[in-house]
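Secondary and tertiary structure notes
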Amino acid sequence: MKGKIIEVINLKKQFGNNLILDDINFTINKGEAVSLIGPSGSGKSTILRCIADLETLTGGKILIEGHNLQDKGIDKKIKKELLLKTGMIFQNFNLFPHMTVMDNLTLAQTKVRKTSTDEAKKIGQALLDRVGLGDKANAYPDSLSGGQKQRVAIARALAMKPKVMLFDEPTSALDPEMVSEVLDVMKSLAEDGMTMVIVTHEMGFAKKVADRVLFVDGGLILEDDTPERVFDSPTNERTKSFLDKILLD
(Lines give C-alpha, C1' and ligand atoms only; values in the text may rest on other atoms or scores of the structure.)
Protein backbone atom coordinates (compact mmCIF):
# COMPACT_ATOMS: atom_id res chain seq x y z
CA MET A 1 0.00 0.00 0.00
CA LYS A 2 1.44 3.39 -0.95
CA GLY A 3 -0.87 6.03 0.45
CA LYS A 4 -4.28 7.39 -0.36
CA ILE A 5 -5.56 7.58 -3.92
CA ILE A 6 -9.26 8.29 -3.22
CA GLU A 7 -10.76 10.12 -0.24
CA VAL A 8 -14.52 10.38 0.13
CA ILE A 9 -15.32 13.06 2.70
CA ASN A 10 -18.80 13.79 4.12
CA LEU A 11 -20.41 12.75 0.83
CA LYS A 12 -24.11 13.46 0.50
CA LYS A 13 -26.32 12.82 -2.52
CA GLN A 14 -29.98 13.64 -2.93
CA PHE A 15 -32.35 13.13 -5.84
CA GLY A 16 -35.10 15.64 -5.15
CA ASN A 17 -36.18 15.04 -1.56
CA ASN A 18 -34.78 11.51 -1.57
CA LEU A 19 -31.52 11.27 0.40
CA ILE A 20 -29.46 8.51 -1.25
CA LEU A 21 -26.13 8.96 0.54
CA ASP A 22 -25.79 10.49 3.98
CA ASP A 23 -22.37 11.63 5.21
CA ILE A 24 -20.25 8.91 3.58
CA ASN A 25 -16.57 8.79 4.57
CA PHE A 26 -13.88 6.34 3.50
CA THR A 27 -10.44 6.18 1.95
CA ILE A 28 -9.03 3.92 -0.76
CA ASN A 29 -5.29 3.28 -0.68
CA LYS A 30 -3.15 2.56 -3.72
CA GLY A 31 -3.11 -1.13 -4.54
CA GLU A 32 -6.17 -1.86 -2.40
CA ALA A 33 -9.21 -3.86 -3.51
CA VAL A 34 -12.34 -2.70 -1.69
CA SER A 35 -15.76 -4.34 -2.08
CA LEU A 36 -19.03 -2.53 -1.43
CA ILE A 37 -21.80 -4.89 -0.43
CA GLY A 38 -25.37 -4.38 0.72
CA PRO A 39 -28.99 -4.63 -0.41
CA SER A 40 -30.20 -3.26 -3.73
CA GLY A 41 -30.99 0.43 -3.54
CA SER A 42 -28.64 1.07 -0.64
CA GLY A 43 -26.54 3.63 -2.54
CA LYS A 44 -23.53 1.49 -3.52
CA SER A 45 -23.65 2.28 -7.23
CA THR A 46 -24.26 5.96 -6.53
CA ILE A 47 -21.01 6.06 -4.55
CA LEU A 48 -19.14 4.75 -7.60
CA ARG A 49 -20.87 7.20 -9.93
CA CYS A 50 -19.90 10.06 -7.61
CA ILE A 51 -16.25 8.93 -7.61
CA ALA A 52 -16.32 8.78 -11.42
CA ASP A 53 -17.81 12.31 -11.55
CA LEU A 54 -20.99 11.00 -13.20
CA GLU A 55 -23.13 12.59 -10.48
CA THR A 56 -23.22 16.08 -8.99
CA LEU A 57 -22.62 15.93 -5.26
CA THR A 58 -25.21 17.40 -2.91
CA GLY A 59 -22.55 17.83 -0.22
CA GLY A 60 -19.05 16.82 0.76
CA LYS A 61 -16.13 16.21 -1.55
CA ILE A 62 -14.14 13.49 -3.27
CA LEU A 63 -10.38 13.78 -3.62
CA ILE A 64 -8.41 11.84 -6.22
CA GLU A 65 -4.68 11.98 -5.52
CA GLY A 66 -5.43 14.96 -3.28
CA HIS A 67 -7.33 16.95 -5.91
CA ASN A 68 -10.96 17.93 -5.32
CA LEU A 69 -12.83 17.14 -8.53
CA GLN A 70 -15.75 19.31 -7.45
CA ASP A 71 -13.59 22.41 -7.01
CA LYS A 72 -14.87 24.86 -9.61
CA GLY A 73 -11.39 26.34 -9.84
CA ILE A 74 -9.66 23.08 -10.72
CA ASP A 75 -7.61 23.22 -13.89
CA LYS A 76 -9.53 21.48 -16.69
CA LYS A 77 -6.46 19.57 -17.85
CA ILE A 78 -5.78 18.30 -14.33
CA LYS A 79 -9.40 17.21 -13.93
CA LYS A 80 -9.35 15.42 -17.29
CA GLU A 81 -6.17 13.55 -16.37
CA LEU A 82 -7.57 12.57 -12.98
CA LEU A 83 -10.76 11.22 -14.56
CA LEU A 84 -8.72 9.30 -17.14
CA LYS A 85 -7.03 7.57 -14.22
CA THR A 86 -10.40 6.14 -13.22
CA GLY A 87 -11.83 3.32 -15.34
CA MET A 88 -15.42 2.21 -14.78
CA ILE A 89 -17.10 -1.07 -15.67
CA PHE A 90 -20.89 -1.05 -15.73
CA GLN A 91 -23.47 -3.84 -15.44
CA ASN A 92 -24.22 -3.45 -19.13
CA PHE A 93 -21.16 -3.57 -21.28
CA ASN A 94 -21.63 -0.35 -23.28
CA LEU A 95 -19.69 -1.67 -26.29
CA PHE A 96 -20.33 -0.12 -29.69
CA PRO A 97 -22.17 -2.89 -31.58
CA HIS A 98 -21.26 -1.57 -35.04
CA MET A 99 -17.54 -1.70 -34.28
CA THR A 100 -15.20 -4.68 -33.97
CA VAL A 101 -13.76 -5.62 -30.62
CA MET A 102 -10.42 -4.07 -31.60
CA ASP A 103 -12.06 -0.86 -32.76
CA ASN A 104 -13.87 -0.68 -29.42
CA LEU A 105 -10.49 -0.93 -27.68
CA THR A 106 -8.65 1.58 -29.84
CA LEU A 107 -11.27 4.35 -30.21
CA ALA A 108 -10.71 6.14 -26.89
CA GLN A 109 -6.97 5.48 -27.01
CA THR A 110 -6.61 7.32 -30.30
CA LYS A 111 -9.22 10.04 -29.73
CA VAL A 112 -8.62 10.85 -26.06
CA ARG A 113 -5.09 9.63 -25.28
CA LYS A 114 -3.90 10.58 -28.80
CA THR A 115 -2.15 7.21 -29.07
CA SER A 116 -1.14 6.20 -32.59
CA THR A 117 -3.36 3.60 -34.24
CA ASP A 118 -0.55 1.04 -34.42
CA GLU A 119 0.34 1.47 -30.76
CA ALA A 120 -3.33 1.38 -29.74
CA LYS A 121 -3.75 -1.92 -31.55
CA LYS A 122 -0.68 -3.38 -29.83
CA ILE A 123 -2.06 -2.34 -26.45
CA GLY A 124 -5.50 -3.66 -27.39
CA GLN A 125 -4.18 -7.05 -28.53
CA ALA A 126 -2.05 -7.47 -25.41
CA LEU A 127 -5.07 -6.76 -23.21
CA LEU A 128 -7.32 -9.10 -25.19
CA ASP A 129 -4.69 -11.79 -24.67
CA ARG A 130 -4.68 -10.99 -20.97
CA VAL A 131 -8.46 -11.43 -20.60
CA GLY A 132 -8.44 -14.62 -22.67
CA LEU A 133 -9.92 -13.17 -25.85
CA GLY A 134 -6.88 -12.83 -28.06
CA ASP A 135 -8.71 -14.41 -31.01
CA LYS A 136 -11.70 -12.03 -30.86
CA ALA A 137 -10.10 -8.81 -32.15
CA ASN A 138 -12.08 -8.83 -35.39
CA ALA A 139 -15.33 -10.11 -33.90
CA TYR A 140 -18.37 -7.91 -33.34
CA PRO A 141 -19.95 -7.61 -29.88
CA ASP A 142 -23.18 -9.28 -30.94
CA SER A 143 -21.27 -12.50 -31.64
CA LEU A 144 -19.91 -12.65 -28.08
CA SER A 145 -21.38 -14.08 -24.90
CA GLY A 146 -22.16 -11.80 -21.99
CA GLY A 147 -19.04 -12.88 -20.16
CA GLN A 148 -16.91 -12.20 -23.22
CA LYS A 149 -18.47 -8.75 -23.67
CA GLN A 150 -17.69 -7.86 -20.07
CA ARG A 151 -14.10 -9.02 -20.46
CA VAL A 152 -13.80 -6.83 -23.58
CA ALA A 153 -15.19 -3.92 -21.54
CA ILE A 154 -12.54 -4.55 -18.88
CA ALA A 155 -9.80 -4.67 -21.54
CA ARG A 156 -11.12 -1.42 -23.04
CA ALA A 157 -10.96 0.30 -19.65
CA LEU A 158 -7.45 -1.03 -19.00
CA ALA A 159 -6.29 0.28 -22.38
CA MET A 160 -6.65 3.81 -21.00
CA LYS A 161 -4.05 2.95 -18.32
CA PRO A 162 -6.19 3.80 -15.29
CA LYS A 163 -4.84 3.87 -11.75
CA VAL A 164 -8.22 2.91 -10.29
CA MET A 165 -10.86 0.52 -11.62
CA LEU A 166 -14.47 0.92 -10.50
CA PHE A 167 -16.73 -2.10 -11.01
CA ASP A 168 -20.50 -1.62 -10.72
CA GLU A 169 -21.96 -5.13 -10.26
CA PRO A 170 -20.02 -6.38 -13.30
CA THR A 171 -21.51 -9.89 -13.19
CA SER A 172 -25.15 -9.10 -12.39
CA ALA A 173 -26.26 -9.21 -16.04
CA LEU A 174 -24.49 -12.50 -16.76
CA ASP A 175 -25.71 -16.07 -16.83
CA PRO A 176 -24.31 -17.97 -13.83
CA GLU A 177 -21.85 -20.04 -15.88
CA MET A 178 -20.25 -16.84 -17.25
CA VAL A 179 -19.69 -15.18 -13.89
CA SER A 180 -16.46 -16.98 -13.00
CA GLU A 181 -14.65 -15.96 -16.20
CA VAL A 182 -15.15 -12.28 -15.35
CA LEU A 183 -14.33 -12.73 -11.65
CA ASP A 184 -11.12 -14.55 -12.60
CA VAL A 185 -9.97 -11.52 -14.61
CA MET A 186 -10.82 -9.21 -11.71
CA LYS A 187 -8.95 -11.47 -9.28
CA SER A 188 -5.85 -11.34 -11.49
CA LEU A 189 -6.04 -7.53 -11.54
CA ALA A 190 -6.20 -7.47 -7.74
CA GLU A 191 -3.23 -9.83 -7.53
CA ASP A 192 -1.28 -7.48 -9.81
CA GLY A 193 -1.92 -4.58 -7.44
CA MET A 194 -4.60 -2.66 -9.34
CA THR A 195 -6.56 -0.32 -7.08
CA MET A 196 -10.17 -1.48 -7.30
CA VAL A 197 -13.56 -0.47 -5.88
CA ILE A 198 -16.11 -3.19 -6.54
CA VAL A 199 -19.87 -3.12 -6.02
CA THR A 200 -20.84 -6.77 -5.99
CA HIS A 201 -23.38 -9.34 -4.85
CA GLU A 202 -20.75 -12.08 -5.19
CA MET A 203 -20.05 -12.60 -1.50
CA GLY A 204 -17.49 -15.36 -2.03
CA PHE A 205 -15.48 -13.11 -4.33
CA ALA A 206 -15.66 -10.19 -1.89
CA LYS A 207 -14.47 -12.41 0.95
CA LYS A 208 -11.57 -13.95 -0.97
CA VAL A 209 -10.28 -11.04 -3.05
CA ALA A 210 -11.03 -7.79 -1.21
CA ASP A 211 -8.64 -6.22 1.26
CA ARG A 212 -11.58 -4.40 2.84
CA VAL A 213 -15.35 -4.73 2.71
CA LEU A 214 -17.79 -1.87 3.21
CA PHE A 215 -21.39 -2.75 4.06
CA VAL A 216 -23.75 -0.05 2.80
CA ASP A 217 -27.40 0.22 3.77
CA GLY A 218 -29.83 3.12 3.65
CA GLY A 219 -27.17 5.46 2.31
CA LEU A 220 -24.86 4.79 5.26
CA ILE A 221 -21.66 2.79 5.70
CA LEU A 222 -22.39 0.43 8.58
CA GLU A 223 -19.20 -1.65 8.35
CA ASP A 224 -15.69 -0.92 7.07
CA ASP A 225 -13.29 -3.70 7.95
CA THR A 226 -11.44 -6.77 6.72
CA PRO A 227 -13.52 -9.41 4.91
CA GLU A 228 -12.99 -11.82 7.80
CA ARG A 229 -14.40 -9.42 10.36
CA VAL A 230 -17.31 -8.22 8.23
CA PHE A 231 -18.40 -11.71 7.20
CA ASP A 232 -17.54 -13.68 10.34
CA SER A 233 -18.16 -11.17 13.13
CA PRO A 234 -20.01 -8.06 11.89
CA THR A 235 -20.64 -5.37 14.49
CA ASN A 236 -23.97 -4.13 13.15
CA GLU A 237 -27.20 -6.10 13.46
CA ARG A 238 -28.29 -4.97 9.99
CA THR A 239 -25.14 -6.50 8.52
CA LYS A 240 -25.79 -9.74 10.34
CA SER A 241 -29.36 -10.02 9.05
CA PHE A 242 -28.28 -9.18 5.49
CA LEU A 243 -25.53 -11.79 5.47
CA ASP A 244 -27.78 -14.41 7.09
CA LYS A 245 -30.37 -13.89 4.36
CA ILE A 246 -27.73 -14.04 1.60
CA LEU A 247 -26.31 -17.27 2.99
CA LEU A 248 -29.77 -18.82 3.29
CA ASP A 249 -30.54 -17.89 -0.31
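Notes on the structure in this doc start here. Just so it is clear, the structure is predicted and the values come from calculations on it, not from any experiment. (Residues numbered from 1 in each chain as written. Predicted model: local features only at pLDDT ≥ 70, side-chain atom pairs only at ≥ 80, totals over all residues. Heavy atoms only, no water.)

Notes on the nonpolar core
Short version of the rule: Among buried residues, those of type Ala, Val, Leu, Ile, Met, Phe, Trp, Tyr and Cys that are joined through side-chain atoms within 4.5 Å constitute a nonpolar core. Only protein chains enter the calculation, and the probe is 1.4 Å; a residue is then buried if its accessible area is under 20% of its type maximum, exposed if over 50%, and partly exposed in between. We count a stretch as a helix when DSSP gives it H or I for four or more residues in a row; a strand needs E for two or more, and each element gets its number in order from the N terminus. Any two residues whose heavy atoms approach within 4.5 Å are treated as being in contact.
Judged by nonpolar contacts, the single largest core of 38 residues is most densely connected at L128, V152, I154, M165, F167, M186 and M196. Every element with two or more residues in this core is listed here: helix 3 (101-111), helix 4 (117-130), helix 5 (146-159), strand 7 (164-168), helix 6 (176-191), strand 8 (195-199) and helix 7 (203-209). Ranked by the residues each element gives to this core, the list is headed by helix 6, at eight residues. What M186 contacts, discounting residues up to four positions off in sequence, is I154, F167, P170, M196, I198 and F205. Counting 25 residues, the second largest nonpolar core, distinct from the first, contains V8, A52, I62 and V216.

Some words on the sheet that holds strand 1 (residues 4-15)
Defined as follows: Two strands make a pair as long as DSSP finds a minimum of two bridges between them. Axes, fitted as lines to C-alpha atoms, cover a helix only where it is in contact. Angles between the N-to-C directions of the axes lie from 0 to 180 degrees.
On the basis of which strands lie adjacent, the open sheet formed by four strands has the order 2-1-4-5 and antiparallel pairing. Each of the sheet's edge strands pairs with one partner strand only, and the pair in question is strand 2 (18-29) and strand 5 (67-68). Across five bridges, the pairing between strand 1 and strand 4 (residues 59-64) is antiparallel. Pairing of I9 across the sheet is with K61, part of strand 4. The sheet strands contacting helix 1 (residues 44-51) are strand 1, strand 2 and strand 4, and the helix crosses strand 2 at an angle near 65°.

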